[in-house]
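Secondary and tertiary structure notes
Residues per chain, in single letters:
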Amino acid sequence: QVQLVESGGGLVQAGGSLRLSCAASGSIFSINAMGWYRQARGKQRELVASISSVGSTNYVDSVKGRFTISRDNAKNTVNLQMNNLKPEDTAVYYCNADVTVSYSLKVSRYWGQGTQVTVSS
């Protein structure tokens, strides 16, 4: 089994910053891509940012220049630094990881439980 645990959400005023963290643990052989998704109330879940195992990054246009994704392969963690937050960034944020599990060497996608980010105007 593999678990992803997120932390760092909360309430912040517009223009403020938050840092989300996600730690993967369990039967991990290796982790390929990691990423952050978000789902606002009444909307579909969308990809916010992703990062490959070698550090290549991808961002949705609405967060470019404001959010930065990073990872620590030694600690199996992925972070999302969010600056200049806007009310439209309000959502539940989920981390995910494409994990090669150690007991089967199969790749599966795992999700965290989600963390609420609320940006007030």
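As shown above, the structure is provided for reference.
Conventions we followed
- Residues numbered from 1 in each chain as written.
- Predicted model: local features only at pLDDT ≥ 70, side-chain atom pairs only at ≥ 80, totals over all residues.
- Heavy atoms only, no water.
- Helix = DSSP H or I, 4+ residues; strand = E, 2+ residues; numbered from the N terminus.
- Buried < 20%, exposed > 50% of the residue type's maximum accessible area, 1.4 Å probe, protein only.
- Polar contact = N/O pair within 3.5 Å; in protein donor to acceptor, adjacent residues only side chain to side chain.
- Contact = heavy atoms within 4.5 Å.
- Pairing = 2+ DSSP bridges.
- Core = buried A, V, L, I, M, F, W, Y, C linked by side-chain atoms within 4.5 Å.
- Salt bridge = Lys/Arg side-chain N within 4 Å of Asp/Glu carboxyl O.

For Asp-89, the position within the fold is in the loop between strand E8 (77-82) and strand E9 (91-101). Residue classification places Asp-89 among the buried residues on the basis of a relative accessible area of 1%. Of the polar contacts made by the side chain of Asp-89, one reaches the side chain of Arg-38; its length is 3.0 Å. In this structure Asp-89 touches Arg-38, Arg-66, Phe-67, Val-117 and Val-119, once residues within four positions along its chain are discounted.

It is worth spelling out the pairing of strand E7 (residues 67-72) at this point. Only one face of E7 is buried, namely the one carrying Phe-67, Ile-69 and Arg-71, since none of Thr-68, Ser-70 and Asp-72 on the opposite face is buried. In this sheet, E8 lies alongside E7 in antiparallel orientation, the contact comprising six bridges. Bridge pairing in E8 links Ser-70 to Asn-79. The hairpin turn running from E7 into E8, its antiparallel successor, is four residues long, and Asn-76 in that turn takes a positive phi close to 55 degrees.

A few words on the nonpolar core. For soluble globular proteins, the rule of thumb is that nonpolar side chains tend to be buried together. Formed by 31 residues in total, the largest nonpolar core has its most connected members in Trp-36, Leu-80, Met-82 and Tyr-93. At the level of elements, strand E1 (2-7), strand E3 (18-26), strand E4 (28-39), strand E5 (46-51), E7, E8, E9 and strand E11 (115-120) are the ones that each hand at least two residues to this core. Among the elements that take part in this core, E9 stands out by supplying six residues, more than any other. Aside from chain neighbours lying at most four places away, what touches Met-82 is Gly-16, Ser-17, Leu-18, Leu-20, Arg-66, Phe-67, Tyr-93 and Val-117.

Here we come to the pattern of salt bridges. In total, this model carries five salt bridges according to the counting rule given. One salt bridge connects Arg-66 with Asp-89, and the closest N-O pair in it is separated by 2.8 Å. Residue Arg-66 is located in the loop between strand E6 (57-59) and E7, and its partner Asp-89 is located in the loop between E8 and E9; the two are separated by 23 residues in the primary sequence. For the pair shown, Arg-66 and Asp-89 are each scored as buried. One network of salt bridges, with partners in common, ties together Arg-38, Glu-46, Arg-66 and Asp-89.

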